[in-house]
Amino acid sequence: MSDPTQPTSGDDPTAAAATPDPAGTSAGTSSVPVEPTGERALADPADEVTDINPEVDIAPEDIGVPVVSEGERLLEVDEVTLRFGGVVALNEVSFHINKGEILGLIGPNGAGKTTCFNVMTGVYQPTSGGVRYLGKPLGKRKKFQITKLGIARTFQNIRLFANMTALENVLVGVDAHHSTGVVSAMFRLPKHRREEAQGYARALELLTFMGLDGKADELARNLPYGDQRRLEIARALATSPQLLCLDEPAAGFNPAEKAKLMELIRTIRDQGYTVLLIEHDMKLVMGVTDRIVVLEFGRKIAEGSPAEIRDNPAVIAAYLGVDEEDAS
Amino acid sequence: MSTTTSTPAARKPTSPGFRERVTNLPKAVKILLWVLFAIFLFLLPLLNIPFITTEGSDFGGVLFTVATYVLVALGLNIVVGYAGLLDLGYVGFYAIGAYTIGVLTSEHAHMSWVVVVPIAIVIAMISGIILGAPTLRVRGDYLAIVTLGFGEIVRLTLVNSEWLGGAQGISDIPKPPGFELFEVPSIDWSSGAPVVDLDTTSTFLKFGINDFVPYYWLALGIISLVLLFDILVKSSRVGRAWEATREDEDAAELMGVPTFRFKLLAFALGAAIGGLSGALFATKAGFISPDSFQLLLSILFLAAVVVGGAGNRWGVIVGAIVVSYFPERFREFADFRVLVFGLALMLLAIFRPQGLLPPRRTVRAKRADERQAVLEEGEASV
Ligand SMILES: Nc1ncnc2c1ncn2[C@@H]1O[C@H](COP(=O)(O)OP(=O)(O)O)[C@@H](O)[C@H]1O
Ligand SMILES: [Mg+2]
């Protein structure tokens, strides 16, 4: 109930500290047609940086886990059921993710998408069933251990370290595979210096890739909304994940920004990452994903290529049905 | 697609703050300023500067007390300011440090001070781990309650344990071994102008019972070491992990930070520094009893950190000085001490809720917020 990862609770302190300002993100770029939505754009020219630098090499570093070859199974969700008291948030959900693909996880609000992420990243233990990663069950591993194994995520409600700089946020991610402790730091031992140098280099690369290098020293909470979303992705990439899970990264974006983000996700995949993408907007997912899994009321109702999903009557019914409920 | 690069310089506020101005000084000037400042601190108890020097009580002794508070505040800042853990029983570690000295140099053994101080640090650290290991797994308010209880349990144990001297405490704690290198003269202001007084001197470094200045020097040296340690550790992976944990524990964990381990580390380091401060206190006092370790002291320690600005080491030093020096300087108002203190805290909460010297992050954030407000008012029409 009081778990802060509960996505439906809107009182996330980090999100509150953030400045939700969907208009001030990429609206400054001249090529983007300004939507007649009445949203104001921030006049500060420094907030205009939006374009990514796809040529920067951000390939995942070797983190000591077995590298799976392209197309093989990276992660399997196996008959996972999760109950919250009476609520069955996930009901015998099974699907798998292949190395190198972009898998879409879609479904109406409350379908259990975020909960699925939470099970995969160790936030919740499934009531029954389990998750297999690189062929081995995740079991009762702790959250940080799962991250070290190569599963990273972003959050539906932005959860940056609001009072740390953009660079520091990313550094925390890089630090996941470092081991500098008090003694190394205190005596500035070679390990500290090596890890620090390597960490800064990688963090700066990631920020440059995301087009955030000019804002490395800005506090995360002072970044425009769109930059915050990108910074979350950079921070997750910093942990060199085998599997990158993005929870509605386009939430709050206008259509042009959404399209750009999808391009970014494709670029990330091309740099050697496997992506699991939660997205509410079905049309958007169609263009970017290789395969799609559809959830409704905690159940998987469909799985297949975008074309198959588009024509699936159950999916259409689910989306239409819930949209009507939402409207009431 | 064109890539616009932002110019961070253009975003800098027009009037540089104190910090920026200091940072921009040439390196040689900076070093010189630091050396001058260090010499000033070293000579402070002997300068007898009017108004600053306490009239009623020995200034060397007052400065020593201030120094122990500074040390305590630096330790507690790691726990409260960096890791964001509310510790209401810090006096417990202070007491453990002091009693280790008492027991091992006077009550039950006569070991050398030089050997016992590291033991005191280690025992305080171990007690921090023992207290932290079960409690740091639970979130938030529990920790405050458990630590509050811990402080009281330590005190009650001291009162009730005959082995630890009971309510009478432990006396005859020996002085640390000294060496007499040189004498430092003091300044006499009785003629209205400063005159070097060669008759009233303090010996570096002789630990006596009348002159407390050498104890102050000892504390000053230890503070420098702890400060250096603080700076080095904070500006590393460890410091970032603490900050991330404080900002959002779940998110930190999901970014690969073993949050429990780092919280326990902060707790253990804080406890160790608390134990060290207690050991210093016992050394100078020569006598300790459970009365020296009341709950109020925990509150004062915490006040030092919060008043100064939790998370900023320079801030908490200022906080410690405020909390410990002013009551000594204005002893004539001793009857109203708590009243004035409460009033000051209220005013502070209203006008400077982040403390006197808030951490840089807060300052930067505030400045950026202001900038944003200006922009939104449309004043920045380019
Ligand atoms: N911690 C929790 N406690 C109780 N119910 C929860 C919790 N987390 C999620 N749920 C419920 O599980 C269901 C699925 O939620 P969620 O995974 O957030 O959906 P989605 O992300 O697809 O919009 C919802 O009915 C939600 O209320
Ligand atoms: Mg969700």
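Computed from a prediction, not measured in an experiment: that's the story for all the values here.

(A) Region of the structure containing the overall build of chain A. The number of helices and strands found in chain A is 11 helices and 10 strands. Considering chain A as a whole, with its 328 residues, one finds that 57% of them fall into the buried category. Within chain A, contacts between residues at least 6 apart in sequence are counted, and of these 71% link residues at least 24 apart. Total accessible area on chain A stands at roughly 13000 Å², and carbon and sulfur atoms take up 53% of it.

(B) Spotlight on the coordination of the magnesium ion (ligand 2). Residue and element names in this part refer to chain A. The magnesium ion (ligand 2) binds to the protein through T114 (OG1) and Q156 (OE1), with metal-donor distances spanning 2.0 to 2.1 Å. Of this pair, T114 sits in helix α2 (residues 113–120) while Q156 sits in the loop between β6 (151–153) and α4 (166–175), placing them 42 residues apart in sequence. For T114, a relative accessible area of 9% gives the class buried.

(C) Representation of the site of ligand 1 within the structure. Residues and elements named next belong to chain A. Taken together, 13 residues lie near ligand 1, and G110, G112, K113, T114 and T115 sit nearest. At a separation of 2.9 Å, an oxygen atom of ligand 1 approaches a polar backbone atom of G112. The side chain of T115 places a nitrogen or oxygen atom 2.5 Å from an oxygen atom of ligand 1. In isolation ligand 1 exposes 560 Å². Once the protein is present, 84% of that is buried. In terms of residue class, the shell around ligand 1 is made up of 6 nonpolar, 6 polar and 1 charged.

(D) Quick peek at the sheet that holds strand β1 (residues 73–84) of chain A. All names here are of chain A. Pairing is antiparallel in the open sheet, where 4 strands are placed in the order β2-β1-β4-β5. Taken across any chain shown, the strands that pair with only one partner, and hence form the sheet edges, are β2 (87–98) and β5 (136–137). Alignment of β1 against β2, held across 8 bridges, turns out to be antiparallel. Bridge pairing in β2 places E76 opposite H96.

(E) Broad picture of the packing of helix α6 (residues 113–135) of chain B against helix α11 (residues 259–285) of chain B. Residue and element names in this part refer to chain B. The N-to-C vectors of α6 and α11 enclose an angle of 145°; their axes lie 7 Å apart at closest approach. Between α6 and α11 the crossing geometry is right-handed. Contacts between α6 and α11 pair W113, V117, A120, I121, A124, M125, G128, I129, L131, G132 and A133 from the former with F260, L264, F267, A268, L269, A271, A272, G275, L276, A279 and T283 from the latter. Of the residues in the contact of α6 with α11, the class split is 18 nonpolar, 4 polar and no charged.

(F) Seen up close, the side chain of S106(B). Residue and element names in this part refer to chain B. The topology assignment puts S106 in helix α5 (residues 90–107). Overall, the relative accessible area of 12% leaves S106 in the buried class. Those residues in contact with S106 that lie beyond four places of it in its chain are I101, I170, S171, D172, I173 and P174.

(G) Expanded view of the domain arrangement of chain A. Residue and element names in this part refer to chain A. Along its sequence, chain A is organised into domain 1 (68–150 + 243–328) and domain 2 (162–240). Here the C-alpha centroids of domain 1 and domain 2 sit 27 Å apart. A combined buried area of about 1200 Å² lies between domain 1 and domain 2, and 75% of that area is made up of carbon and sulfur atoms. The tally of links from domain 1 across to domain 2 stands at 0 salt bridges. Looking at the side of domain 1 that touches domain 2, the elements that each hand over two or more residues are α3 (143–149), β7 (243–247) and α8 (255–270). For the side of domain 1 that touches domain 2, the element with the most residues is α8, which contributes 4 residues. In the side of domain 1 that touches domain 2, the residues fall into 9 nonpolar, 4 polar and 3 charged.

(H) Structural context of the confidence of the model for chain A. All names here are of chain A. Looking at chain A, the pLDDT average stands at 83 and 82% of residues meet or exceed 70. Note that residues 1–49 has pLDDT below 50 and, in this model, 87 contacts with residues that lie over four places away or in other chains. Scored below 50 in pLDDT, residues 322–328 makes 2 contacts in the model with residues more than four places away or belonging to other chains.

(I) Structural detail: the nonpolar core. By size, the foremost hydrophobic cluster in this structure holds 138 residues, and its most contacted members are M120(A) and W242(B). The greatest single-element share of this core, amounting to 17 residues, is contributed by helix α4 (residues 59–82) of chain B. Shared between two domains, this core takes at least three residues from each, and those domains are domain 1 (68–150 + 243–328) and domain 2 (162–240) of chain A. The contacts of M120(A), once residues within four sequence positions are left out, are L75(A), V77(A), I97(A), V131(A), L138(A), I146(A), I151(A), L243(A), C245(A) and L276(A). Listed in part, the 41 residues of the second largest apolar core include I102(A), L160(A), A203(A) and L261(A).

(J) Highlighting unusual backbone geometry. Residues and elements named next belong to chain A. Positive phi is not limited to glycine here, since E79 has a value of about 50°. Inspection of the secondary structure puts E79 in strand β1. The class for E79 is partly exposed, based on a relative accessible area of 42%. The residue L134 is not glycine, and still its phi comes out positive at about 55°. Position of L134 relative to the elements: it lies in the loop between β4 (128–133) and β5.

(K) A look at the pattern of salt bridges. Taken as a whole and judged by the stated rule, the model has 21 salt bridges over all chains. Salt-bridge contacts for R240(B) lead to E196(A); the nearest nitrogen and oxygen are separated by 3.0 Å. Of this pair, R240(B) sits in helix α9 (residues 237–247) while E196(A) sits in helix α6 (residues 190–209), placing the two residues on different chains. Classification of E196(A) as buried rests on a relative accessible area of 13%. The closest approach of N and O atoms between K300(A) and E303(A), which form a salt bridge, is 2.6 Å.

About the cut-offs
- Every chain is numbered on its own, with residues counted from 1 as its sequence reads.
- All chains are assigned letters beginning at A, and all ligands numbers beginning at 1, according to the order in which they are written.
- Confidence filtering applies because this is a predicted model: local features only for residues at pLDDT of at least 70, side-chain atom pairs given and counted only at 80 or more, and all residues used for totals across whole chains, interfaces and linings.
- Each side-chain value is worked out from all heavy atoms of the structure, with water and hydrogens disregarded.
- Think of it this way: any DSSP run of H or I at least four residues long counts as a helix, any run of E at least two long counts as a strand, and we number them from the N terminus.
- To sort residues, take the accessible area from a 1.4 Å probe on protein chains only and compare it with the maximum for the residue type: under 20% means buried, over 50% means exposed, and anything in between is partly exposed.
- It only takes one pair of heavy atoms within 4.5 Å for two residues to be counted as in contact.
- What sets the accessible areas is the Shrake-Rupley method with a 1.4 Å probe; for residues, cover comes only from the shown protein chains.
- For Na, K and Ca the donor cutoff is 3.2 Å, while for all other metals N, O and S atoms count as donors only within 2.8 Å; water does not appear among the atoms, so some sites may look incomplete.
- Summary of the distance rule: residues count as near a molecule or strand when at least one heavy atom falls within 4 Å of that molecule or strand.
- By the criterion applied in these results, polar contacts are pairs of N or O atoms within 3.5 Å in which, for protein atoms, one can donate a hydrogen and the other can accept it, and in which residues neighboring in sequence qualify only through two side-chain atoms.
- Each residue gets one of three labels, nonpolar for Ala, Val, Leu, Ile, Met, Phe, Trp, Tyr, Cys and Pro, charged for Asp, Glu, Lys and Arg, and polar for the others, Gly among them.
- Should DSSP find at least two bridges between two strands, the strands are regarded as paired.
- Only the stretch in contact is used when fitting a helix axis, every axis being a line fitted to C-alpha atoms; angles between N-to-C directions are given from 0 to 180 degrees.
- Left-handed describes a crossing whose near helix is turned anticlockwise from the far helix by less than a right angle; the clockwise case is right-handed.
- Those domain boundaries reflect an automatic or database domain assignment.
- Buried area: the accessible area, evaluated with a 1.4 Å probe, that two parts lose upon being put together, summed over both parts.
- Each salt bridge in this description consists of a side-chain nitrogen of Lys or Arg and a carboxyl oxygen of Asp or Glu lying within 4 Å of one another.
- As a per-residue measure, pLDDT tells how confident the predictor is, with possible values from 0 to 100.
- Buried residues of nine kinds, namely Ala, Val, Leu, Ile, Met, Phe, Trp, Tyr and Cys, make up a nonpolar core once their side-chain atoms join them within 4.5 Å.

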